[in-house]
Amino acid sequence: MTTLVHTWSREFSRHRVMTVTITFSDLTSEYNDYWKNITRPLFVVLLDTEETMGEFAETTRSVKPISFPIWLVMFLQHSDGNPLEERCRHPTVNVFNVDFRTQMLVLCYARPILVEWYAIRDNRTRTFDLALWSPDRGLLLRTRKSLYARRSDMFGDVVRVASVNNSPLISHENGTIGGFFGLLLIELSKVMNFTVEILDPVKGYGSWSKEKKVWTGAIGQLVANEADIGISAFTMTTHRQNVIDYTIPLIRSQYSLYFKRPNTALVEWSLYLRAFSYKTWIALLMTITTASILLTIMKTKGYFSMNLMFENYINVWGIYCQQGLSVILAIYSASFISYLVLCTPKLPFSTLEGYVKDGSYKLIVVQNSAQYDDLN
């Protein structure tokens, strides 16, 4: 076997594939380093005797999570024949401690079929013939289905369902779950062939308790393996994603801050000027000033006089007050009255940064919610 390993390593190196040869004991001690520093390695395991198979079984019992790498397990011929043939062709117990997400391919001696090994929860190894190896045509896939599509049959297994009281889109009646999520769960149970066991609903979605160092609520049930799936309006957070898995988002929503509307009965002094925009006020002043200057230039024919300038300014202002004021006043009055009647409240802030800078509002969130978990 040593010669075979060196031959494969050299061949992989020629194809610029980095390889490392390690023992089962080294894999157990260095597994965490692989998990943190390598995207997703491929572990090739060579088994030829009961002893090596037992060592690998003990290793898979120690490494967590077993679904992190991709496994290729090869049963090789021994001088005594094929002592493990029956166990690799017809596995029963979950000897390699695989789970539902494990990607383990098994090649059993000279049988040219790559078989997937995985388990649901009943400590029994499930198999799926994934591909056929042909010396002439290479690897031939037997299906184009995705990983979870290939494992959609739960073989009638019982799925424990956790839920939250008073959660949107879900209802609890006589030990059953209704609403949108309830109907979705029923359809899933039919398609995936599993039996639903409804657990007693809990009060909260779940958050991390710093005092007890445990997760509470429905998420706590999932983490403690008291439930297999949670059916409620859960919000995705980074903290939660470290301990549980989510489906694809079914509903998208946004966070919103709700606070008491500011008092609009108080009229500010600046409201009298807000009837016109600042551009309108500038235009009125510029019109009066420009008209005075033009009249002065026209009368003096190029000679500029400050006295005449002030006199013309007073004349223009008088014309404006006698003739134009009524029109301007009517427009101003209409605009000012509309401000008083349809006064839009001025919000003290419009962003979370503004809320923090304001500092005069206290924040209230639902206990054990995603927002509570984020801000706690």
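See above for the structure.
Rules and cut-offs
- Residues numbered from 1 in each chain as written.
- Predicted model: local features only at pLDDT ≥ 70, side-chain atom pairs only at ≥ 80, totals over all residues.
- Heavy atoms only, no water.
- Core = buried A, V, L, I, M, F, W, Y, C linked by side-chain atoms within 4.5 Å.
- Buried < 20%, exposed > 50% of the residue type's maximum accessible area, 1.4 Å probe, protein only.
- Helix = DSSP H or I, 4+ residues; strand = E, 2+ residues; numbered from the N terminus.
- Contact = heavy atoms within 4.5 Å.
- Patch = residues over 30% accessible without salt bridge, like charges linked within 9 Å, V, L, I, M, F, W, Y side chains within 5 Å.
- Areas by Shrake-Rupley, 256 points an atom, 1.4 Å probe, with all protein chains shown as cover.
- Salt bridge = Lys/Arg side-chain N within 4 Å of Asp/Glu carboxyl O.
- Pairing = 2+ DSSP bridges.
- Axes fitted to C-alpha atoms, helices over the stretch in contact; angles between N-to-C directions.
- Disulfide = S-S within 2.5 Å.
- Phe/Tyr/Trp six-rings, centres within 6.5 Å; stacked < 30°, edge-to-face > 60°.
- 1 Å grid on protein atoms, 1.4 Å probe; cavity = no way out; pocket = protein on both sides within 12 Å on 5 of 7 lines; lining within 4 Å.
- Points joined across faces, edges and corners; volume = space filled by probe spheres on them.
- Nonpolar A, V, L, I, M, F, W, Y, C, P; charged D, E, K, R; others polar.

It is worth spelling out the nonpolar core at this point. It is characteristic of soluble globular proteins that their nonpolar side chains tend to be buried jointly. L47, F56, W71, V73, F75, F96 and M104 are the most contacted members of the largest nonpolar core, which totals 29 residues. Contributions of two or more residues to this core are made by α2 (24-37), β1 (42-47), α3 (50-62), β2 (70-75), β3 (103-108) and β4 (113-119). Among residues more than four places away in sequence, those in contact with L47 are F24, T52, M53, F56, V73, M74, F75, L76 and F96. Counting 12 residues, the second-largest nonpolar core is a separate cluster that includes I170, I177, F181 and L185.

Attention shifts here to unusual backbone geometry. Cis geometry marks the peptide bond from K64 to P65, where omega comes out at -5 degrees. Structurally, P65 is set in the loop between α3 and β2. Phi at N166 takes a positive value of approximately 60 degrees, unusual for a residue other than glycine. With respect to the secondary-structure elements, N166 resides in the loop between β7 (158-162) and β8 (171-173). Residue N166 is classed as exposed on the basis of its relative accessible area, which comes to 78%.

Moving on, we get to a nonpolar patch on the surface. Taken together, the side chains of L169, F180, L184, L188, I248, L250 and I251 define a hydrophobic patch exposed on the protein surface, amounting to about 630 Å² of accessible area. Mapped onto the elements, F180 comes out in helix α6 (residues 179-192).

Next up on the list: the sheet that holds strand β10 (residues 195-198). Sheet architecture is open: 3 strands sit in the order β10-β7-β13, paired in parallel fashion. At either end of the open sheet lies a strand with only one pairing partner, and these are β10 and β13 (229-230).

Pairing of β4 with strand β5 (residues 125-134) involves 7 bridges; the strand directions are antiparallel. What sits directly across from V115, in β5, is D129. Pairing geometry for β5 and strand β6 (residues 138-141), over 4 bridges, is antiparallel. Following the sheet pairing, W133 is matched in β6 by L139. Here β5 folds back onto β6, and the loop between the two strands holds 3 residues.

For the rest of this paragraph, the subject is the sheet that holds β5. The strand order β1-β2-β3-β4-β5-β6 describes an open sheet built from 6 strands, whose pairing is mixed. Sheet topology places β1 and β6 at the edges, where each strand pairs with a single neighbour. Across the sheet, the mean angle from the axis of one strand to that of its neighbour is 30 degrees, orientation sign disregarded. The strands that α2 touches are β1 and β2; relative to β1, the one it contacts most, it runs at about 170 degrees.

Tallied over the full model, the rule gives 1 disulfide. The disulfide partner of C88 is C108, and the S-S distance across this bridge is 1.8 Å. Of this pair, C88 sits in helix α4 (residues 85-89) while C108 sits in strand β3; the two residues are 20 residues apart in sequence, bridging distant segments of the chain.

Let's shift gears to the packing of aromatic side chains. Given two aromatic rings, their pairing is described by the distance between the two centres and the angle made by the two planes. The full count for this structure, using the stated rule, is 18 aromatic pairs. The interplanar angle of 45 degrees and the centroid separation of 6.5 Å between the aromatic rings of F75 and W117 together place this pair among those described as tilted. Taken together, the residues F75 in strand β2 and W117 in strand β4 connect sequence positions 42 residues apart. Through a chain of ring-to-ring contacts, three or more aromatic side chains come together here, namely F24, Y31, F43, F56, F68, W71, F75, F96, Y109 and W117.

Estimates place the volume of the second largest pocket at around 1,500 Å³. Along the walls of the second largest pocket sit 38 residues, with F12, L42, F43, V44 and V45 positioned nearest its centre. Listing elements by their share of the lining of the second largest pocket, those giving two or more residues are α1 (2-14), α2, β1, α3, β2, β3, β5 and β6. Examining the composition of the lining of the second largest pocket, we find that 7 residues originate from one element, α1, more than from any other. Considering only residue class, the lining of the second largest pocket consists of 28 nonpolar, 8 polar and 2 charged.

Take it as geometry only, folks, not as evidence of what the structure does.
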